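Architecture at a glance
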Amino acid sequence: MTTTTGTPAATGALGTARTRVEGRDKVTGAARYTGDIPLPELAHGWLVLSTVARGRVRSVESDAVLAMPGVLAVLHHQNAPRINLDYVGMIGRPDPVIGVFQQDRVPFRGWPVALVVAERPEQAREAAEQLVVHYDQEPHDVTFYAGHPGAYTPEDSPFGRAEETKGDVEAELAASAFVVDAEYTTPEEHHNPMEPHAATAHWDGGRLEVLDSNQGSTWVATELAQIFSLDPGSVRVRSEHVGGGFGSKTVRPTQVAAVMAATVLQRPVRVVMTRRQMFSAIGYRSPTAQRVRLGADASGKLRALDHRSECLTSTVHEFIERSASVGRVLYDAPAHHTSDRVVRLDVPTPTFMRGPGEAPGSFALECALDELAEKSGIDPIELRVRNEPDRGPISGLPFSSRNLVACMEEGSRRFGWADRDPRPGLRREGRWLLGTGMAAASFHSGVGPSTAAVTAEANGTFTVRINAADIGTGARTAIALVAADALGVDPERVRVVMADSDLGPAMFAGGSMGTRSWAWAVSMAVGELRERLALGGDIPPEGITARSDTSEAIGALAKKERHSFGAQFAEVAVDVTSGEVRVRRMLGIFAAGRIVNPLTARNQLVGGMIWGISMALHEEAIRDRASGGHVGPDLAGYHFAANADVPLVEADWVDDPDPDDPVGIKGVGEVGIVGAAAAIANAVWHATGVRHRHLPIRPDRVLSAGTNVPGHRPGV
């Protein structure tokens, strides 16, 4: 076949709504996830988690379990293969929870202490439940609260400084016409993706093959090679379909335990977590205790911004929920102080969860801004517009683009904000008090080095190969659209091969960096391919392939503040007799770079906003102080927004391409949840006249707080 020379006509693939290329397979059940893929002689492992919050394993009575039908092995700290955890991975040193069965020490309830392997999963589960583990128990502390004496300021990390300051906060507060000083709390929250964590490991001709549910096969393959002291080329990780991740599907005990068992038994082994196990061993969002102090002059211009946050971590690994960082982007003031402190407790290590830092941080900061608007008599949107910075408030760097004001203006118009009476407690329908609120949102726009290959096939189609991860975001479709647009062909002529570590290193799906990173690599490879095609001639049967590596281009990026922005609007109804809060409608307008696929982008934004409803009204994991474990660690005891809780939710965007990105992308995965809980909380204040500074806004909290509506009696 002879290729056409010259520049193909633009197809307009980018920015047009396209259904997912794998959508039919998913809804018909043809798409296979990690736990669905059959292998010959497959054995099944079942994790056994500690039942004490702190102590040591004295003994594991495995003889009786080994005699049970189908049981093949019981791995624990006395017989498991030794592994290496002395390395620095993609995001620092590994959490020791992945170093399963290496020691007798138990640092928290839910720590993996054994793995039972059997012929069938039912046999493995029954045997695991029968396994007797004896402990030497020690006193524990799982209680987090503001001002904990163990709180400390962590060292700086690649994720940013724990503390930033400029100016004299106390002097500026003293000179301010209006001051807000309030404390806010958010509870422990958990991500439970639809597909549980699962991994299958087997050896094939001396090579380790892992089928895994993860957010980045490059990440998992690289770390497994270090953990098991293998040559990186001898590890292959594949994750074709992943049913959600939200920050939790990185390197976890499932992969390590599966590889251990496969090594010992020399046959394939699959390990799948239960919902209850996921509440202990995959991470979660730390609870936070935050104090925000704002000082403004008579015009509402900020003179001081002081945001201090505390969170928790485990005793064996440090993870920081950087809630105070959101203020370093949104608002400037002559005196500006933000700090994150952390407390070590006998609990599992938290981890990244959708909108890490910004989600809980925006609740506190955006509620405090609303309180300042109330005190100063300035409209909440106008107050934010008056405090728009022209450069990074702390960094001093220019913004790549910042269209937050456009988001607020468009949202205000579409939501009907101009008709809002700012006085609280005026609107009522029977027993329901009605109110509206808003909040601003931001999330950083990052990019990571990636490689890609694009092949012009002899039959006139194109194949894109990139180790991207589609965790339910529609990444396959987005990559196909980027390639088709750059090639100037119809998307149906593009096939995407992905989620295989053999394809070469690529950025993981996280931090709203996935699509931007992969699109950059694909567009670069297409550019090289088009140059070669322009030379003319026949395409050989094996095709013509061009490859890319974005490391150098990304390293050359000028330093700027790069963020997606948004404005969240909510209307709520509060039942004065039951304390129930219902969200009636939500609107989010975002500035999130060039939108590759409006259909899946809107899906991501709406999903984040719905999660914001959960955060504001439902989600709260409770730890039992006596046992150190959760109360109700399942999807019956842990409440979240169901269909009946979700009203009309609309998400849209303003034009906002990033001029420094070859495709103009910023990212939409995280920003949808940021500010959503604050908008709802501010709407509850507008409805009732009472501020709720502690999430979730449960009915009992509403009833105990009552309302400031004239003539209202609580419970009436």
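One can find the structure itself at the top, above this paragraph.
These notes cover the structure that comes with them.

Conventions adopted
- Residues numbered from 1 in each chain as written.
- Predicted model: local features only at pLDDT ≥ 70, side-chain atom pairs only at ≥ 80, totals over all residues.
- Heavy atoms only, no water.
- 1 Å grid on protein atoms, 1.4 Å probe; cavity = no way out; pocket = protein on both sides within 12 Å on 5 of 7 lines; lining within 4 Å.
- Points joined across faces, edges and corners; volume = space filled by probe spheres on them.
- Helix = DSSP H or I, 4+ residues; strand = E, 2+ residues; numbered from the N terminus.
- Nonpolar A, V, L, I, M, F, W, Y, C, P; charged D, E, K, R; others polar.
- Phe/Tyr/Trp six-rings, centres within 6.5 Å; stacked < 30°, edge-to-face > 60°.
- Buried < 20%, exposed > 50% of the residue type's maximum accessible area, 1.4 Å probe, protein only.
- Lys NZ or Arg CZ within 6 Å of the ring centre and 35° of its normal.
- Expected span 1.5 Å × (residues − 1).
- Pairing = 2+ DSSP bridges.
- Patch = residues over 30% accessible without salt bridge, like charges linked within 9 Å, V, L, I, M, F, W, Y side chains within 5 Å.
- Areas by Shrake-Rupley, 256 points an atom, 1.4 Å probe, with all protein chains shown as cover.
- Salt bridge = Lys/Arg side-chain N within 4 Å of Asp/Glu carboxyl O.

Considerations on the layout of surface pockets
The volume enclosed by the second largest pocket comes to roughly 580 Å³. Lining the second largest pocket are 25 residues, and of these Leu49, Ser50, Thr51, Arg276 and Gln277 lie nearest its centre. Of all the elements in the fold, those that place two or more residues in the lining of the second largest pocket are β1 (43-49), α3 (121-130), β6 (132-137) and α7 (275-281). Considered class by class, the residues forming the lining of the second largest pocket number 10 nonpolar, 10 polar and 5 charged.

A look at the packing of aromatic side chains
Summed over all chains, the structure comprises 10 aromatic pairs. Seen from their ring centres, Phe108 and Trp111 are 5.3 Å apart, and the 80° between their planes marks the pair as edge-to-face. For the pair shown, Phe108 and Trp111 are each scored as buried. With 5.6 Å between their ring centres and 70° between their planes, Phe279 and Tyr638 make a pair best called edge-to-face. Pair noted here: Phe279 is in helix α7 and Tyr638 is in the loop between α15 (598-617) and β24 (648-653), with a separation of 359 residues, a long-range link. Here the two residues Phe279 and Tyr638 agree in accessibility, since each one is buried. Through a chain of ring-to-ring contacts, the aromatic side chains of Phe159, Phe319 and Phe352 assemble into a single cluster. Here the guanidinium or amino end of Arg585 rests over the ring plane of Phe415, the centre of that ring lying 3.8 Å away. Positioned above the aromatic ring of Tyr284 is the side chain of Arg623, whose terminal nitrogen or guanidinium carbon lies 5.7 Å from the ring centre.

Some words on the environment of Ala171
If you trace the backbone, Ala171 turns up in helix α4 (residues 169-174). A relative accessible area of 40% means that Ala171 is categorised as partly exposed. Expressed as a C-alpha distance, the spacing of Ala171 and Ala335, which sit 164 residues apart in the sequence, is 8.6 Å.

Describing α15
When the terminal C-alpha atoms of α15 are compared, their 28 Å separation across 20 residues agrees well with the 28 Å that a helix rising 1.5 Å per residue should span. A large share of α15 lies buried, amounting to 15 of its 20 residues.

A closer look at unusual backbone geometry
Residues Leu695 and Pro696 are joined by a peptide bond in cis, for which omega reads -5°. As for its position among the elements, Pro696 is in the loop between α16 (676-688) and α17 (699-705). Here the phi dihedral of Glu41 falls at roughly 60°; this positive angle occurs in a residue that is not glycine. Topologically, Glu41 is positioned in the loop between α1 (23-28) and β1. Using a relative accessible area of 60% as the deciding quantity, one classes Glu41 as exposed. Phi is positive for Phe246, close to 60°, though the residue is something other than glycine. Mapping Phe246 onto the fold places it in the loop between β11 (235-238) and α6 (253-265). Note on Phe246: relative accessible area 31%, which makes it partly exposed.

Some words on the pairing of strand β14 (residues 302-314)
By the criterion of burial, β14 is predominantly enclosed, with 11 of the 13 residues buried. Note: strand β13 (residues 288-296) against β14, 8 bridges, orientation antiparallel. Residue pairing across strands places Ala289 opposite Glu310, the latter belonging to β14. Between the end of β13 and the start of β14, which pair antiparallel, lie 5 residues, with Gly300 showing a positive phi angle near 90°. Bridging between β14 and strand β15 (residues 335-345) involves 11 bridges; their strand directions are parallel. Across the sheet, residue Glu310 finds its bridge partner in β15, namely Arg341.

Here we look at a nonpolar patch on the surface
Judged by side-chain polarity, Met90, Ile91 and Phe159 come together as a nonpolar surface patch covering roughly 260 Å² of accessible area. If you trace the backbone, Ile91 turns up in the loop between β3 (71-76) and β4 (105-106). Residue classification places Ile91 among the partly exposed positions, given a relative accessible area of 34%.

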